[in-house]
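The residues making up each chain are set out below.
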Amino acid sequence: MTDGPTAPRDVVVVGGGVAGLSAAVFTARRGLDTLVVDPGESILRRNAHLENFPGFPLGVNARQLLDLLGEQAENAGADRLDAQATRVAAVDADDARFAVTTDGDDRLRTRHVVAATKNEVGYLDGIDGVGILDRGKAYVDVDERGRTGVDGLYAAGRLAEKPHQAAVCAGHGAEVAVTLLEDDDAPFYHDWVAPEGYFTDRGREVPPGCEEIGEAERREREAASLEAARERFAEPHPDPQETHPSLEE
Ligand SMILES: Cc1cc2nc3c(=O)[nH]c(=O)nc-3n(C[C@H](O)[C@H](O)[C@H](O)COP(=O)(O)OP(=O)(O)OC[C@H]3O[C@@H](n4cnc5c(N)ncnc54)[C@H](O)[C@@H]3O)c2cc1C
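Residue numbers run consecutively from 1 along every chain, following the written order of its sequence. Local features in this predicted model are restricted to residues of pLDDT 70 or higher, and side-chain atom pairs are both shown and tallied only at a pLDDT of 80 or more, whereas totals for entire chains, interfaces and linings draw on every residue. Side-chain numbers here rest on the full set of heavy atoms in the structure, without hydrogens or water.

Peer 1: Can you tell me about helix α1 (residues 18-29), naming the residues and giving the values?
Peer 2: Over its twelve residues, α1 extends 17 Å from the first C-alpha to the last, a length consistent with the 16 Å expected when each residue adds 1.5 Å. Only protein chains enter the accessibility calculation, which uses a 1.4 Å probe. A residue is then buried if its area is under 20% of the maximum for its type, exposed if over 50%, and partly exposed in between. Only runs of H or I of at least four residues qualify as helices and only runs of E of at least two qualify as strands under DSSP, and these elements are numbered from the N terminus. The buried count for α1 comes to ten of twelve residues, which makes it a mostly enclosed element. For α1, every residue scored as buried is listed here: V18, A19, G20, L21, S22, A23, A24, V25, T27 and A28. It only takes one pair of heavy atoms within 4.5 Å for two residues to be counted as in contact. For α1, the secondary structure elements touched by its buried residues are β2 (9-14), β3 (34-37), α2 (62-76), β4 (79-81), β7 (106-115) and α3 (166-183). G31 sits one or two residues past α1 and shows a positive phi near 95°. To estimate the expected span of a helix, subtract one from its residue number and multiply by 1.5 Å.

Peer 1: Before we move on, could you go through the pattern of salt bridges and cite the residues and values that matter?
Peer 2: The salt bridge criterion pairs a side-chain nitrogen of Lys or Arg with a carboxyl oxygen of Asp or Glu, the two atoms within 4 Å. Tallied over the entire structure, the rule returns 24 salt bridges. In this structure, D10 engages R111 in a salt bridge whose closest nitrogen and oxygen atoms are separated by 3.2 Å. Of the two residues, D10 is situated in strand β2 and R111 in strand β7; the sequence distance between them amounts to 101 residues. Two residues, R45 and D239, come together in a salt bridge whose shortest N-O distance is 2.7 Å. Placement of the pair is R45 in the loop between β3 and α2 and D239 in the segment after α4 (215-232), with a sequence separation of 194 residues. Among the residues examined, R45 registers a relative accessible area of 12% and is labelled buried. For D239, a relative accessible area of 30% puts it in the partly exposed group. Through salt bridges with shared partners, a single ionic network connects E215, R218, R219 and E222.

Peer 1: Provide a residue-level description of the side chain of D94, including the pertinent values.
Peer 2: As for its position among the elements, D94 is in strand β5 (residues 88-94). As used in this structure description, the phrase polar contact means that two N or O atoms lie within 3.5 Å; if the pair is within protein, one of them must be able to donate a hydrogen and the other to accept it, and residues adjacent in sequence are counted only when both atoms belong to side chains. Of the polar contacts made by the side chain of D94, one reaches the side chain of R109; its length is 3.2 Å. In contact with D94, not counting residues within four places along its chain, are A99, R107 and R109.

Peer 1: Just give me the short version of the site of the ligand, but keep the residues and values in it.
Peer 2: Distances are taken per atom, and a residue is near a molecule or strand as soon as one of its heavy atoms is within 4 Å of it. Lining the immediate surroundings of the ligand are 31 residues, of which D38, E41, S42, H164 and A166 lie closest. D38 places a side-chain nitrogen or oxygen 2.6 Å from an oxygen atom of the ligand. Taking V88, its main chain carries an N or O atom lying 2.8 Å from a nitrogen atom of the ligand. Of all the elements in the fold, those that place two or more residues in the shell around the ligand are α1 and α3. Broken down by class, the residue content of the shell around the ligand amounts to 13 nonpolar, eleven polar and seven charged. Any residue that is not Ala, Val, Leu, Ile, Met, Phe, Trp, Tyr, Cys, Pro, Asp, Glu, Lys or Arg is counted as polar, Gly included; the first ten are nonpolar and the last four charged.

Peer 1: Give me the nonpolar core: which residues, what numbers.
Peer 2: Membership of the largest hydrophobic core comes to 36 residues, with the highest contact counts inside it found for V18, L44, L50, L65 and V114. At the level of secondary structure, the elements contributing two or more residues to this core comprise β2, α1, α2 and α3. For this core, the leading source of residues is α3, giving eight residues. Dropping the residues within four chain positions of it, L44 is found in contact with V18, L50, A62, R63, L65, L66 and A166. Working definition of a nonpolar core: buried Ala, Val, Leu, Ile, Met, Phe, Trp, Tyr and Cys residues. They are joined through side-chain atoms within 4.5 Å. In this structure, V14, V37, A115 and A160 belong to the second largest nonpolar core, which totals 24 residues.

Peer 1: I'd like to hear about the pairing of β5, residue by residue, with values.
Peer 2: One ladder, built from six bridges, connects β5 with strand β6 (residues 97-102); its direction is antiparallel. Among the inter-strand pairings, D92 is bridged to a residue of β6, identified as A99. Between β5 and β6, which follow one another and run antiparallel, lie two residues. Between any two strands, pairing holds if DSSP finds at least two bridges.

Peer 1: Please provide a residue-by-residue account of the packing of aromatic side chains, values included.
Peer 2: What describes a pair of aromatic rings is the distance from one ring centre to the other and the angle between the planes of the rings. The rule is short: rings of Phe, Tyr and Trp, with Trp giving its six-membered ring, pair when the centres are within 6.5 Å, and they are stacked under 30 degrees, edge-to-face over 60, tilted in between. Applying the stated rule across the entire model yields two aromatic pairs. Between F56 and F233, the aromatic rings sit 6.5 Å apart at their centres with planes inclined by 50°, giving tilted as the arrangement. In this pair, F56 is assigned in the loop between β3 and α2 and F233 in the segment after α4, connecting sequence segments 177 residues apart. In this structure F56 comes out as partly exposed when scored by relative accessible area, which is 23%. A relative accessible area of 41% means that F233 is categorised as partly exposed. Ring centres 5.1 Å apart and planes at 85° place the aromatic pair Y198 and F199 in the edge-to-face group.

Peer 1: An account of the packing of α1 against α3 is requested, with residue identities and associated values reported.
Peer 2: For helices, the fitted line uses only the C-alpha atoms of the stretch in contact; every axis is such a line through C-alpha atoms, and the angle between N-to-C directions lies from 0 to 180 degrees. One way to put it is that α1 packs onto α3 with a least axis distance of 7 Å and a crossing angle of 35°. Of the two possible hands of crossing, α1 and α3 adopt the one that is right-handed. For the pair α1 and α3, contact is made by V18, A19, S22, A23, F26 and T27 and by A166, C169, A170, G173, A174, A177, V178, L180 and L181, respectively. By convention the crossing between two helices is left-handed if the near helix lies anticlockwise of the far one by an angle smaller than a right angle, and right-handed if it lies clockwise.

Here's what the structure looks like:
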């Protein structure tokens, strides 16, 4: 067994579907050392064409959306352990609060865990105080902000019994991340990019987590985003649409 890429982490996100990746965007943007572990099995990969996700008036290829979300998490500073075989095998209490063991025998230490694995809960067996709800499929019992019964351990998305829509689960991942930041005493966290002077011209400090940018910087960022969009959407996404395992030959 080896120590993980860097240890201890601030946050390990177990599951890099829409909920987990959205959570990682928020914790990483706030500067928390965040690692996403995912074997590439988001159920969204089975979607034929995603038409109810905000911001895409004619819909979007769901595999493309997952790629974009992963790229966004990385740009925010998150690391990803996403080799096909890498999944979390166990989470245990540890000096650093949690020890996360992968099936590749990495042992990652972390102060917080965000579980976002849809209906997979076996890796939580070793932790006392996590409520598992058996409703034919397994869910994790959480409060209204995604906290489990164990300090520092959160559940997001479908795993937290959120409705079965990508936008809802992505939004819940973001909310759980903000909850984690609040619990971690990150002061006044909004994560906004505001125009230059928005706060300071009114005699206010730029709040922690917020940023003011001037027009030149705004134009630069917009140009980069347009270039990225042109490139990412130049061709159909190469990955095949996946199907239900029971339908596979
Ligand atoms: C055929 C189909 C079509 C759909 N179409 C739509 C649609 O049009 N619009 C819509 O809004 N929703 C749609 N959905 C629903 C949508 O895909 C889900 O609601 C959404 O993906 C749930 O997000 P999540 O992050 O909670 O779970 P997921 O996206 O499934 O992510 C869970 C992640 O956990 C990872 N994981 C699992 N176990 C482990 C482990 N032990 N260690 C590490 N990682 C692990 C998986 O690899 C996966 O990436 C569709 C679903 C299906 C099946």
